[in-house]
Amino acid sequence: MHETIAVLDFGSQYTQLIARRIRECNVYSRIYHYTTKASVLKRDKVCGIVLSGGPSSVFSRRAPVPDRRIFELGVPVLGICYGLQVMTHLLDGTVEETDRREYGHSTLEVSEKSLLLAGISRNIRVWNSHGDKVIKLPKGFGGTAKTPNSRYATIEHRKKKLFGLQFHPEVSHTEQGILILQNFLLKICGCHGDWSMSDYLEQSLESIRETVGDKRVILGLSGGVDSSVAAALIHRAIGNRLQCVFVDNGLLRLHERDAVVNLFRRNFQMNLRVVRSASLFLNKLRGVTDPERKRKIIGKTFIEVFDDVVKSTGPVDFLAQGTLYPDVIESVAIDGNPASLIKSHHNVGGLPKRMKLKLLEPLRALFKDEVRVLGRELGLPKEVLLRQPFPGPGLGVRVIGEITARNLKVLREADAIFNEEMVSSGYYYKVWQSFAVFLPVRSVGVMGDKRTYENVIVLRVVESLDAMTADWVRLPYEILQTVSTRIINEVKGVNRVCLDISSKPPGTIEWE
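All values reported here derive from a predicted model rather than from experimental measurement.

Visitor: Would you mind showing me how to read the nonpolar core here?
Guide: Grouped burial of nonpolar side chains is what soluble globular proteins tend to show. Counting 44 residues, the largest nonpolar core has I218, I457, L459, L475 and I487 as its most contacted members. Residue assignment for this core shows that the elements contributing at least two residues are β11 (242-248), α8 (278-285), α9 (291-313), α13 (405-425), β15 (433-447), β16 (450-463), α14 (477-490) and β18 (494-499). A per-element tally of this core places α13 first, with seven residues. Other than its neighbours up to four places away in sequence, L475 contacts F418, M422, Y427, V461 and L480.

Visitor: Would you take a moment to explain the pairing of strand β12 (residues 271-276) for this structure?
Guide: Side-chain positions along a regular strand alternate between the two faces of the sheet. Bridge count for β11 against β12 is six bridges, and the pairing is parallel. Among the inter-strand pairings, V245 is bridged to a residue of β12, identified as R273. Assessed by its sense of winding, the connection that carries the chain from β11 through helix α7 (residues 256-267) to β12 is right-handed.

Visitor: I keep staring at the sheet that holds β12 and nothing clicks. Help me out?
Guide: Sheet strands pair by backbone hydrogen bonding; their relative direction is either parallel or antiparallel. If you walk across this open sheet you meet the five strands as β12-β11-β10-β13-β14, and the pairing is parallel. Bordering the open sheet on either side are β12 and β14 (358-360), each of which pairs with just one other strand. Averaged over all pairs of adjacent strands, the angle between their axes in this sheet comes to 30°, without regard to strand direction. Note that strand β10 (residues 217-220) and strand β13 (residues 318-320) share three bridges and pair parallel. Considered in β13, the bridge of L219 is made with A320. Running at roughly 165° to β12, α7 makes contact with β11 and β12 of the sheet. In this fold α9 packs onto β10, β11, β12 and β13, with an angle of close to 155° to the strand it touches most, β10.

Visitor: What am I meant to see in helix α5 (residues 197-212) here?
Guide: The end-to-end C-alpha distance of α5 is 22 Å, a good match for the 22 Å that 16 residues give at a rise of 1.5 Å each. Residues M197, Y200, L201, S204, L205, I208 and V212 constitute the buried set of α5. Seen from one end, α5 has its buried residues packed into an arc of 135°, which puts them on one side. Counted as exposed and oriented over 90 degrees from the buried face of α5: E206 and E210. Buried-residue contacts for α5 involve β10, α6 (225-238), β13, β14 and α11 (368-377).

Visitor: Help me out: how do you make sense of the environment of L179 in this one?
Guide: Turning to its location among the elements, L179 is positioned in helix α4 (residues 177-188). Owing to a relative accessible area of 28%, L179 belongs among the partly exposed residues under this scheme. For the pair L179 and Y34, spaced 145 residues apart in sequence, the C-alpha to C-alpha distance is 25 Å. For L179, the contacting residues outside a window of four places in its chain are A118, G119 and I120.

Parameters at a glance
Residues numbered from 1 in each chain as written. Predicted model: local features only at pLDDT ≥ 70, side-chain atom pairs only at ≥ 80, totals over all residues. Heavy atoms only, no water. Core = buried A, V, L, I, M, F, W, Y, C linked by side-chain atoms within 4.5 Å. Buried < 20%, exposed > 50% of the residue type's maximum accessible area, 1.4 Å probe, protein only. Helix = DSSP H or I, 4+ residues; strand = E, 2+ residues; numbered from the N terminus. Contact = heavy atoms within 4.5 Å. Pairing = 2+ DSSP bridges. Right-handed = clockwise from strand over helix to strand, strands pointing away. Axes fitted to C-alpha atoms, helices over the stretch in contact; angles between N-to-C directions. Expected span 1.5 Å × (residues − 1). Arc of directions from axis to C-beta.

Just distances and angles here, no functional claims.
Printed below as a string of structure tokens:
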């Protein structure tokens, strides 16, 4: 049993990041809803508790409040931003609303010795995001550092091991933030840092074998990181009792089907069934231009195709999915607040009742970067593990407007050229995402002394840490020139290439 740090989620966009940072320190973390009872945390034998930030004010009518008894469990507690404020409020300190809010960078000045701030420079840049602040500490607490706007930017009750930070140590904008978290985990909570992926692999194999027994499992394999790692993991556990299904929906990238077949059927000797359903999907998408309708049609059609496969496969008891920890957490609203429900994930929320299969989600406790580490342990190649994110609806949301076989062909060829040049230049593995988009407009051009009226391709390249925010990448002009020249010369039907220089927000990474 690994040492576990509980992260109580108050709806912060950074809750997952806190949990990830803890795991990066080789300590296992688990996210709990803020209403989790102290008795549950005691039962789970957590060795420390972190209270996340959140969008609420402690003065809000429906402000999320944890079980006050968590402060009496005898385990260290660290409150971050709202977590500090709600801890202060519950322990009879004073928090006040202020007109002078604190967002973005600020300077933290360490004023007192503190185990939490051990080894931290006297002045560091920290990242803030709050409108309320503490003006009176609860009994037994002392302040150890301040910012220009917050007298009590860090607080602690040394005897009870209760700590608070008004800033966010988990974000990269905070200098020495990881060291602060390490102090809490290793020096204050006494964790040994025994969380490793090799241990997790052995535990997962044992768990899969115990869960599945002598039954069969079916898995929809897309060739992406999540489904590929899930397939390799389950195959190692139960061998040929895993049936993988690859659905060619006609919205794939160039040669994608062949690449998946070569890797899994030939190299891993897996049972892989390829279902060619391109015409079915394209017929149902004919004339549809609304992005949400596209997504719903693609998702519904996939389920119908997959359901037919299940029926024709023979006795199957489990459906495996590459659901990750963020998929599970993001699909849970905080106290009914829709602003805190980041997305409704396609892997979460159950199966069509008629399929009557049990769910097997072996990656459910992992973050994306951990899945890649697990994939390396399983022997998957770099081309799979470092593959850039690809939307579930495929090229269906990169062809703007109506999806036709012709438009898909143009996009496929342009995207393949772009991908090839990104790989050869070394930039493919340096950016978060790079892809081409087909626009439903035509522009005038001149090719071979003749007037042309052809399509427009947009190049989208972004850098990001977690896809919550993103900025466009300043690719060298030489790469852009090569890509543009090749697409116009080699892809019939294109006479203009543009570059998307929008950030997220206000734009999104994908166009639809």
